[in-house]
Number of protein chains: 2
Amino acid sequence: MPNFRFTLEYDGAGFAGWQAQAGGQRTVQDAFETAIERVTGQRLRVAASGRTDAGVHALGQVVSAQIETELPPAALQRALNHILPSDLAVSSAERAADDFHARYSAVGKLYCYRVWNDPTRSPLRAARVHWVPRELDIPAMSKAAEAFVGRHDFAALQAAGSEVESTVRTLARVEIEQEASGELVFWVEGDGFLRHMVRNLVGTLLEVGAGQRSIESMAELLASEDRRQAGPTAPARALTLVRVFY
Amino acid sequence: MPNFRFTLEYDGAGFAGWQAQAGGQRTVQDAFETAIERVTGQRLRVAASGRTDAGVHALGQVVSAQIETELPPAALQRALNHILPSDLAVSSAERAADDFHARYSAVGKLYCYRVWNDPTRSPLRAARVHWVPRELDIPAMSKAAEAFVGRHDFAALQAAGSEVESTVRTLARVEIEQEASGELVFWVEGDGFLRHMVRNLVGTLLEVGAGQRSIESMAELLASEDRRQAGPTAPARALTLVRVFY
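Note that the structure is predicted; figures quoted are calculated from it, not measured.

(A) A look at the overall build of chain A. When its secondary structure is counted, chain A shows five helices and ten strands. If one aligns the C-alpha atoms of chain A with their principal axes, the spans along those axes are about 60 × 40 × 35 Å. Among the 246 residues that make up chain A, the fraction classed as buried is 55%. By sequence separation, contacts in chain A at least 24 residues apart represent 70% of the contacts at least 6 residues apart. Charged side chains of chain A number 26 positive and 30 negative; the gap between the two group centres comes to 4 Å.

This is the structure:
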């Protein structure tokens, strides 16, 4: 059966996250599988590179699925985009090798997190940024961010109650960029992410920026492997899964 | 009575335009005047640089008002922002000269209009762009845009049924920029604008880009002074009043 690779863009505001759920909440996976069923007549399970939480956006979520269809990828993409709701679209579709799997084949992911650091809130940005009115020490945050780059046990930045085999991950990049637009963008790239890891990392760095935590304490935080030592989980609406690497 | 100058930012999606209306539609003017009343106890009329239509956004709408208050501008701004709904904020507040009037003192305005020119729609941009899937000839549009720069009678680009004394306006700039983000931005700056003028201008240029109109026909269009000769009114959601000049 032909294997397909899709790239999805979605506005997370209207979804209870990626994963299909019992109980009828609106999810990206359900919306996408329903569209595939309407186009091909097949109800199947698709695999994503990973779950995104409720409210989190994606510019480049990757999904794989084996679909019995004669449609070439471009026609399948057009047909799906015609049916999909306005907050979800297939930005690319292609045939993939038989052994390609959106989750198991992924070797890395890039996220961005947007902060509006200004005394005044911004109505035109409100839906996609985390507003931080207090002044932030950006050089201090950038310096503190370096502690997270490399291979570490990120148990302290994992959502409480998560159960995974290993909490060791490698981050290739944690950088803070001041955009010309005035927004502060946290770029975080790594080989894998624990639940809430980016949002907890940003929440912790924002406390450094506000002078509530020292740059040096980051290493201790990681060593503690204790979620209670980290900062608050920053809001989902400012987080976007930008790209998945294979 | 002290005269104040406010700069407002708003997401136009939830407003039936700037102007207060009989019949209880939600408008920016009403929301702002209500907030002033709650802060100062005075129900007054404020003056904006001009009306924005339903769905049109503002990054820098300017408003003037004479308010009997002892509050310094920064305190007034904070109090208003505390009360205003999430889609409207005061981005700056200052004392103005007694003769400053947001509308009569204005000497120019800058608008931007965003187009997403891609075969695939973009869910993360959908609320703020006009999606044009067909291929556009950008150099042709830029060339055609030059015909609108300068002093002209813009009657052909005015909303049907409008009544104004003169339809002559001077445009200082009509430029099309391809942003790194992939969006196509139309920048239009002039000393004044007729109703729907920017949206009709963009709708006309998009027809040039699609090869449905010639570059040369722009001069004839202006000379016709006939709204029916221009292109369709491009959607409001992609238009933002960026700045007002004084």
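(B) Summary view of helix α1 (residues 28-40) of chain B. Residues and elements named next belong to chain B. With 13 residues, α1 extends 18 Å from end C-alpha to end C-alpha; this agrees with the ideal 18 Å at 1.5 Å per step. Buried within α1 are the following residues: Val28, Gln29, Ala31, Phe32, Glu33, Ala35 and Ile36. Buried residues in α1 make contact with β1 (3-10), β3 (57-66), α2 (73-83) and β4 (88-96).

(C) Region of interest: the interface of chain A and chain B. Between chain A and chain B, the residue contacts involve 24 residues of the former and 24 residues of the latter. With both sides pooled, the region where chain A packs onto chain B buries about 1600 Å², and carbon together with sulfur makes up 51% of that total. When the buried area of chain A at its contact with chain B is split by residue, Arg121, Pro123 and Leu124 of chain A rank highest and sum to 44% of it. The tally of links from chain A across to chain B stands at zero salt bridges. Counting the contacts that link chain A with chain B gives 18 residue pairs in polar contact (both at pLDDT 80 or more). Top element by residues in the side of chain A that touches chain B is strand β4 (residues 88-96) of chain A. It accounts for four residues. Of the residues belonging to the side of chain A that touches chain B, the class tally is ten nonpolar, eight polar and six charged.

(D) Region of the structure containing the relation of the copies chain A and chain B. With an RMSD of 0.0 Å, the fit of chain A onto chain B corresponds to turning through 180° and sliding 0.0 Å along the axis. Here the copies are linked by what is in effect a two-fold axis. Taking C-alpha positions as reference, the residue of chain A nearest the rotation axis is Ala127 of chain A, located at 5.5 Å.

(E) Region of the structure containing the packing of helix α3 (residues 138-145) of chain A against helix α4 (residues 197-209) of chain A. Residues and elements named next belong to chain A. For the pair α3 and α4, the least separation of the axes is 8 Å and the interaxial angle reads 135°. The angle between the axes of α3 and α4 places the two elements in the oblique class. Crossing angle aside, the handedness with which α3 passes α4 is right-handed. For the pair α3 and α4, the contacting residues are Ala140, Met141, Ala144 and Ala145 in the first and Leu205, Leu206, Val208 and Gly209 in the second. Residues belonging to the contact of α3 with α4 are distributed by class as follows: seven nonpolar, one polar and no charged.

(F) View of the packing of aromatic side chains. All chains considered together, the criterion is met by ten aromatic pairs over all chains. Residues Tyr10 of chain A and Phe15 of chain A carry aromatic rings whose centres are separated by 6.3 Å and whose planes lie at 75° to one another, so their mutual orientation is edge-to-face. Assigned by exposure class, Tyr10 of chain A and Phe15 of chain A land together as buried. Through pairs of rings, three or more aromatic residues link up here, namely Phe4, Phe6 and Phe32 of chain A. The cationic tip of Arg95 of chain A hangs over the ring face of Phe4 of chain A; the distance from NZ or CZ to the ring centre is 5.9 Å. Directly above the aromatic system of Trp116 of chain B lies the positively charged group of Arg125 of chain B, at a separation of 3.9 Å from the ring centroid.

(G) Molecular detail of the pairing of strand β10 (residues 239-245) of chain A. All names here are of chain A. Counting buried residues along β10, five of its seven residues qualify, which places the element largely inside the surrounding structure. Sheet topology places strand β3 (residues 57-66) next to β10; two bridges connect them, and they run parallel. Opposite His57, over in β10, you have Thr240 as the bridge partner. Examined bridge by bridge, strand β5 (residues 108-116) and β10 share six bridges and lie antiparallel to one another. In the sheet register, Tyr113 faces β10, and the bridge partner there is Leu239.

(H) Structural detail: helix α5 (residues 217-224) of chain A. Residue and element names in this part refer to chain A. Of the positions making up α5, those classed as buried are Ser217, Met218, Leu221 and Leu222. Down the axis of α5, the buried set is contained in an arc of 145°. They therefore lie on one face. Facing away from the buried side of α5 by more than 90 degrees, the exposed set consists of Glu220 and Ala223. Looking at the buried positions of α5, the neighbouring elements they touch are α3, β7 (150-153) and α4.

(I) Layout of the side chain of Asp11 of chain B. Tracing the chain through its elements places Asp11 of chain B in the loop between β1 and α1. A polar side-chain atom of Asp11 of chain B sits 3.0 Å from the main-chain amide nitrogen of Ala13 of chain B. Here the side chain of Asp11 of chain B touches Arg128 of chain B through a polar contact of 3.2 Å, side chain to side chain. Leaving out residues up to four positions away in the same chain, Asp11 of chain B has contacts with Pro123 and Leu124 of chain A together with His57, Asp87 and Arg128 of chain B.

(J) Main features of the pattern of salt bridges. Residues and elements named next belong to chain B. All told, the structure shown has 30 salt bridges over all chains when counted by the stated rule. For Arg43, the salt bridge goes to Asp30, with nearest N and O atoms at 3.7 Å. Taken together, the positions of Arg43 in the loop between α1 and β2 (47-48) and Asp30 in helix α1 put the pair 13 residues apart, joining distant regions of the chain. Classification of Arg43 as partly exposed rests on a relative accessible area of 44%.

(K) How the structure looks around the environment of Pro235 of chain A. Residue and element names in this part refer to chain A. Mapped onto the elements of the fold, Pro235 is located in the loop between α5 and β10. Each C-alpha atom of the pair Pro235 and Gln77 lies 32 Å from the other, and the pair is 158 residues apart in sequence. Aside from chain neighbours lying at most four places away, what touches Pro235 is Tyr113, His130 and Arg199.

(L) Seen up close, the side chain of Glu33 of chain B. Position of Glu33 of chain B among the secondary structure elements: in helix α1. In contact with Glu33 of chain B, other than residues within four places in its own chain, are Arg43, Leu44, Arg45 and Val46 of chain B.

About the thresholds
- Residues numbered from 1 in each chain as written.
- Chains lettered and ligands numbered in written order.
- Predicted model: local features only at pLDDT ≥ 70, side-chain atom pairs only at ≥ 80, totals over all residues.
- Heavy atoms only, no water.
- Helix = DSSP H or I, 4+ residues; strand = E, 2+ residues; numbered from the N terminus.
- Buried < 20%, exposed > 50% of the residue type's maximum accessible area, 1.4 Å probe, protein only.
- Contact = heavy atoms within 4.5 Å.
- Lys, Arg positive; Asp, Glu negative; His and termini not counted.
- Charge placed at Lys NZ, Arg CZ, Asp CG, Glu CD.
- Expected span 1.5 Å × (residues − 1).
- Buried area = accessible area lost by both parts, 1.4 Å probe.
- Salt bridge = Lys/Arg side-chain N within 4 Å of Asp/Glu carboxyl O.
- Polar contact = N/O pair within 3.5 Å; in protein donor to acceptor, adjacent residues only side chain to side chain.
- Nonpolar A, V, L, I, M, F, W, Y, C, P; charged D, E, K, R; others polar.
- Least-squares fit on C-alpha atoms with pLDDT ≥ 70 in both.
- Axes fitted to C-alpha atoms, helices over the stretch in contact; angles between N-to-C directions.
- Parallel < 35°, antiparallel > 145°, perpendicular 65-115°, else oblique.
- Left-handed = near helix turned anticlockwise from the far one by under 90°.
- Phe/Tyr/Trp six-rings, centres within 6.5 Å; stacked < 30°, edge-to-face > 60°.
- Lys NZ or Arg CZ within 6 Å of the ring centre and 35° of its normal.
- Pairing = 2+ DSSP bridges.
- Arc of directions from axis to C-beta.

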